[in-house]
Amino acid sequence: MRYEIRVEGLMVETTLHEAFPELEGVFVPNQTILFGQITDDAHLYGLLNRFQAFGLRVTEMRRLPD
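Remember, predicted model here, so these are calculated numbers, not experimental data.

A. Quick peek at the nonpolar core. One finds Ile5, Phe20, Leu23, Leu34, Ile38, Leu47 and Phe51 to be the most contacted residues of the largest nonpolar core, which totals 13 residues. Mapped by element, the contributors of at least two residues to this core are strand E1 (2-8), helix H1 (13-19) and helix H2 (41-53). Beyond its immediate stretch of four places on either side in the chain, Ile38 contacts Met1, Tyr3, Ile5, His43, Leu44 and Leu47.

As structure tokens, this is what we get:
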């Protein structure tokens, strides 16, 4: 399953690659948009926990068509 996750604010590129190596990111004004394969529910909840641990606010998350 491929997901798009929007995070409030601009993440530092180093943090993005170190904390979320399985995701690709693009930066738009006031947001970071992340894309990647999420293998199962445990992986999804693990990602959400990492966002919370880094103090990042997820503003939108959606599953992309296969």
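B. Spotlight on the sheet that holds E1. In spatial order, the strands read E2-E3-E1-E4; together these four strands make up an open sheet with antiparallel pairing. Of all the strands in the sheet, just strand E2 (24-28) and strand E4 (58-64) have a single pairing partner and so form its edges. Strand-to-strand twist across the sheet, computed as the mean angle between neighbouring axes with direction ignored, equals 20°. When E1 meets strand E3 (residues 31-37), the two strands line up antiparallel, connected through seven bridges. Bridge pairing in E3 links Arg6 to Ile33.

C. Layout of the pattern of salt bridges. This structure, assessed with the given rule, holds six salt bridges. Here Glu4 ties to Arg62 by a salt bridge, and the two come within 3.0 Å at their closest N and O atoms. On the criterion of sequence distance, the pair formed by Glu4 in strand E1 and Arg62 in strand E4 is long-range, its members being 58 residues apart. In this structure Glu4 comes out as buried when scored by relative accessible area, which is 6%. The salt bridge partner of Arg63 is Asp66, with a shortest N-O separation of 3.7 Å. Arg63 gets classed as partly exposed once you look at its relative accessible area, which sits at 47%. Look at Asp66 and you get exposed, because its relative accessible area is 82%. Taken together, the salt bridges that share partners define one network made up of Glu4, Arg6, Glu60 and Arg62.

Conventions we followed
Within each chain, residues carry numbers counting from 1 in the order of the written sequence. With pLDDT at 70 or above as the cut-off, local features in this predicted model cover only qualifying residues; side-chain atom pairs require 80 or more to be listed or tallied, and sums for whole chains, interfaces and linings still use all residues. To get the side-chain values, all heavy atoms of the structure are used, and hydrogens and water are removed first. The definition of a nonpolar core used throughout is a set of buried Ala, Val, Leu, Ile, Met, Phe, Trp, Tyr and Cys residues joined through side-chain atoms within 4.5 Å. A simple rule labels every residue: compare its accessible area, found with a 1.4 Å probe on the protein chains alone, to the largest value its type can have, and call it buried under 20%, exposed over 50%, or partly exposed in between. Per the convention used, a helix needs a DSSP run of H or I reaching at least four residues, while a strand needs a run of E reaching at least two, with both numbered from the N terminus. Whether two residues are in contact is decided by their heavy atoms, any of which lying within 4.5 Å being enough. Strand pairing follows a simple DSSP-based rule, namely that at least 2 bridges must link the two strands. Only the stretch in contact is used when a helix axis is fitted, and all axes are lines through C-alpha atoms; the angle between N-to-C directions ranges over 0 to 180 degrees. In the sections that follow, a salt bridge refers to a side-chain nitrogen of Lys or Arg positioned within 4 Å of a carboxyl oxygen of Asp or Glu.

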